[in-house]
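# Structural characterization, general
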Amino acid sequence: MSELEKSLAWTNIPVPEVLRQLPFSQQQQILSWAETLVSHKTDGFEELYNAIGMIVKYIPNFVVIPLMVDHIKPRIAAGVCGKMGVDQAVGYANDLPIEYFNEVSLHLEAPVMAQILEKMKKNSAEKFILSELKNRLDRMLDIAQHLDKRMLEIVAKHVTLPENEEELLNHPHKPVFDKIRALQ
């Protein structure tokens, strides 16, 4: 992966081919400009996430969840989740529709998602794991690297690992594959 791709990986948007053709110094200038632009456009978001997190503490989940699903984009919900803390986030995660929760989870760091899954109700966590294994295997494996044994056993129960040992040797998820194999 090029330096340009690494710098823009957080966007989950492919790097335009025209940027790849530019010399390294020009790519760096564009990256610097993009970072400044994003910083300018998102100024105040952290405070907004904190404020929303504080407000929803005092509103019952059965009121917040339908509003969240209908009116808050998953990226914003993830930002709020990151500010409210794992325990409060788990309260919402257990009750969110799986499709919405999956989208929110894409915007949370893998270690945070692992903490949330470990505290969720087993049935809700297992639904999430099954969905991610089916639709975003690499993402689930990223999260699985941080799971405790109890949650990793659920992953091990449902995942099919590559059988070719050579394929596993250089795989970026080899450490988690080894943990899963030990549980199967």
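The preceding data block contains the structure.
These lines cover the structure that appears in this document, whether it is placed above or below. (Residues numbered from 1 in each chain as written. Predicted model: local features only at pLDDT ≥ 70, side-chain atom pairs only at ≥ 80, totals over all residues. Heavy atoms only, no water.)

### A short note on the packing of helix 8 (residues 98–105) against helix 10 (residues 122–135)
Interaxial distance between helix 8 and helix 10 falls to 10 Å at its minimum, and their mutual angle equals 70°. On the basis of their axis angle, the class for helix 8 and helix 10 is roughly perpendicular. As for the relative orientation of helix 8 and helix 10, their crossing is right-handed in sense. In contact with Ile98, Phe101, Asn102 and Ser105 of helix 8, helix 10 contributes Lys127, Phe128, Ser131 and Glu132. Grouping the constituent residues of the contact of helix 8 with helix 10 by class yields three nonpolar, three polar and two charged. (Axes fitted to C-alpha atoms, helices over the stretch in contact; angles between N-to-C directions. Helix = DSSP H or I, 4+ residues; strand = E, 2+ residues; numbered from the N terminus. Parallel < 35°, antiparallel > 145°, perpendicular 65-115°, else oblique. Left-handed = near helix turned anticlockwise from the far one by under 90°. Contact = heavy atoms within 4.5 Å. Nonpolar A, V, L, I, M, F, W, Y, C, P; charged D, E, K, R; others polar.)

### Regarding the environment of proline 16
Mapping proline 16 onto the fold places it in the loop between helix 1 (3–8) and helix 2 (17–20). Proline 16 gets classed as partly exposed once you look at its relative accessible area, which sits at 42%. (Buried < 20%, exposed > 50% of the residue type's maximum accessible area, 1.4 Å probe, protein only.)

### Describing the packing of helix 7 (residues 86–93) against helix 9 (residues 110–119)
Where helix 7 meets helix 9, the closest approach of the two axes is 9 Å, and the angle between their N-to-C directions is 65°. Seen along the crossing, helix 7 lies across helix 9 with a hand that is right-handed. Residues Val86, Asp87, Ala89, Val90 and Ala93 of helix 7 pack against Gln115, Ile116 and Lys119 of helix 9. Across the contact of helix 7 with helix 9, the residue classes break down as five nonpolar, one polar and two charged.

None of the figures reported here should be taken as evidence of function without further support.
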